[in-house]
Amino acid sequence: MLQISIYGKGGIGKSTLSSNISYMLAAKGKRVLQIGCDPKHDSTRALLEGRAQITVLDYIGRTAPYDRKLEDVILKGKMGVSCVEAGGPEPGIGCAGRGILSTFDTLKKLGLDERDFDIRLYDVLGDVVCGGFAVPLRNEYSDCVFIVTSGEFMALYAANNILKGILNFDKGVPRVAGILFNSRGGDDERDIVDKFADAVGLPVIQAIPRDGRFAQAEAENKTVCEMFPGSDLSACFEHIADVVSDIESGRVGLKHP
């Protein structure tokens, strides 16, 4: 099994990209689990067609330990993608980072590791300097990390901080796949991202254009890969899925930031 973490600044489009990557991987025959690690718990919405999903934190808060079952917190989404949302505390109450720790501990106790997946994908908020949100960066959870950024300063700042965090967990094994450039349409944006990529020594795996079809698909609670199959946007995610498959098979190597 290959474990992938998708990291980037809040609001940069990680959940949209993650759902489309999961959809395309599943379309290629992979058994995929997507775990949303954002307190907003909206990572898998497009895969579930907007269906409500109980978060792991809500579940353990209302269900006694002896009554808990893994099936209660995993929903099947489009293309058979399995979907989990960690959830988080109410704003101003509790620690969302500790919520991730509790989620991972609960999923393990409920037997998640015994399930047969090819890909486990974590969608993680990356602009919070917190040990809890860094949990998916640990070697036991992430074999491979993709960084999502635009050319905006704060998105690049968050991306750089995430790479610093990866180095803190570094055990000598390269784990970064590269950068997913999610364009906001700014002037010279691609040039800025290319310069950042050169500075940190990572490839830009895919440039995803700013496009109104993302909003159209979101309004229908769908991924663009589902709503616009065969489109140039769908091809972007097919390429990313192919890169993931190449990493999984060892045909493409990972890098140190």
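Shown above is the structure to which this text applies.
The rules behind each value
Residues numbered from 1 in each chain as written. Predicted model: local features only at pLDDT ≥ 70, side-chain atom pairs only at ≥ 80, totals over all residues. Heavy atoms only, no water. Helix = DSSP H or I, 4+ residues; strand = E, 2+ residues; numbered from the N terminus. Buried < 20%, exposed > 50% of the residue type's maximum accessible area, 1.4 Å probe, protein only. Contact = heavy atoms within 4.5 Å. Areas by Shrake-Rupley, 256 points an atom, 1.4 Å probe, with all protein chains shown as cover. Pairing = 2+ DSSP bridges. Axes fitted to C-alpha atoms, helices over the stretch in contact; angles between N-to-C directions. Core = buried A, V, L, I, M, F, W, Y, C linked by side-chain atoms within 4.5 Å. Expected span 1.5 Å × (residues − 1). 1 Å grid on protein atoms, 1.4 Å probe; cavity = no way out; pocket = protein on both sides within 12 Å on 5 of 7 lines; lining within 4 Å. Points joined across faces, edges and corners; volume = space filled by probe spheres on them. Nonpolar A, V, L, I, M, F, W, Y, C, P; charged D, E, K, R; others polar. Parallel < 35°, antiparallel > 145°, perpendicular 65-115°, else oblique. Left-handed = near helix turned anticlockwise from the far one by under 90°.

Asks: Teacher, can you tell me more about the overall build of the protein chain here?
Replies: Scanning the protein chain for helices and strands turns up eight helices and eight strands. Within the protein chain, buried positions represent 50% of all 257 residues. Considering only residue pairs separated by 6 or more positions, the protein chain has 77% of its internal contacts joining residues 24 or more positions apart. Of the accessible surface of the protein chain, which amounts to about 11500 Å², a share of 49% is contributed by carbon and sulfur atoms.

Asks: What exactly am I supposed to notice about unusual backbone geometry here?
Replies: Note: most peptide bonds trans; most residues except glycine with negative phi. Phi at M79 takes a positive value of approximately 60°, unusual for a residue other than glycine. Looking at the element boundaries, M79 is found in the loop between β3 (75–76) and β4 (82–85). Overall, M79 belongs to the partly exposed group, its relative accessible area being 47%. Of note in the backbone geometry, D188 takes a positive phi value of approximately 55° without being a glycine. Mapped onto the elements, D188 comes out in the loop between β7 (176–182) and α5 (189–200). A residue is classified by how much of its surface remains accessible, and D188, at 61% relative accessible area, is exposed.

Asks: What should I look at first to understand the sheet that holds strand β6 (residues 144–149) in this one?
Replies: One key point about sheets: their strands pair by backbone hydrogen bonds, in either a parallel or an antiparallel sense. Judged by pairing direction, the sheet is mixed, and its eight strands sit side by side in the order β3-β4-β2-β5-β1-β6-β7-β8 without closing on themselves. Where the open sheet ends on each side, the last strands, each with one partner, are β3 and β8 (204–208). Looking at chain direction, strand β2 (residues 32–37) and strand β5 (residues 119–125) are connected through six bridges and run parallel. Counted as the bridge partner of Q34 is L121 from β5. Helix α1 (residues 14–27) contacts β1 (2–8), β2, β5, β6, β7 and β8 of the sheet and is inclined by roughly 175° relative to β5. Relative to the sheet, helix α4 (residues 153–168) contacts β1, β6 and β7, its axis offset from that of β6 by approximately 165°.

Asks: Looking at this model, I keep getting lost on the nonpolar core. Mind explaining?
Replies: Grouped burial of nonpolar side chains is what soluble globular proteins tend to show. Formed by 38 residues in total, the largest nonpolar core has its most connected members in I4, I21, F146, L180 and F237. Take this core: its biggest share by element is eight residues, from helix α8 (residues 232–249). Among all residues touching I21, those that are not within four sequence positions of it are I6, L121, L180, F237 and I240. In terms of nonpolar packing, the next biggest core, distinct from the first, is built from 32 residues, Y59, L107, Y122 and L156 among them.

Asks: Explain the side chain of K14 to me, please; I cannot follow it from the model alone.
Replies: One can find K14 in helix α1. Residues contacting K14, with those up to four places away along its chain left out, are I6, Y7, G8, K9, D123, V124, L125 and V148.

Asks: I would appreciate a short explanation of α1 in the present structure.
Replies: At 3.6 residues per turn, the α-helix brings residues three or four places apart onto the same side. Between its terminal C-alpha atoms α1 stretches 20 Å, which fits the 20 Å expected from 14 residues at 1.5 Å a residue. Across the 14 residues that make up α1, a large majority, 11, are buried. Taken together, the buried positions of α1 are occupied by K14, L17, S18, S19, N20, I21, S22, Y23, M24, L25 and A26. Positive phi shows up at G29, right after α1, with a value of about 95°.

Asks: Explain the layout of surface pockets to me, please; I cannot follow it from the model alone.
Replies: It is the rolling of a water-molecule-sized probe over the atoms that shows where space remains empty. Quantified by volume, the largest pocket comes out at close to 650 Å³. Those elements that place two or more of their residues in the lining of the largest pocket are α1 and α6 (212–219). Looking at the lining of the largest pocket, the element that brings in the most residues is α1, giving six residues. Considered class by class, the residues forming the lining of the largest pocket number eight nonpolar, 13 polar and 10 charged.

Asks: What's the story with the packing of α1 against α8 in this structure? I'm lost.
Replies: In helix packing, the relevant descriptors are the interaxial angle and the interaxial distance, both defined with respect to the helix axes. One way to put it is that α1 packs onto α8 with a least axis distance of 9 Å and a crossing angle of 70°. Here α8 runs roughly perpendicular to α1, going by the angle between their axes. For α1 against α8, the interelement crossing comes out right-handed. Facing α1, whose interface residues are L17, N20, I21, M24 and L25, α8 presents S234, F237, E238, I240, A241, V244 and S245. For the contact of α1 with α8, a count of residues per class yields eight nonpolar, three polar and one charged.

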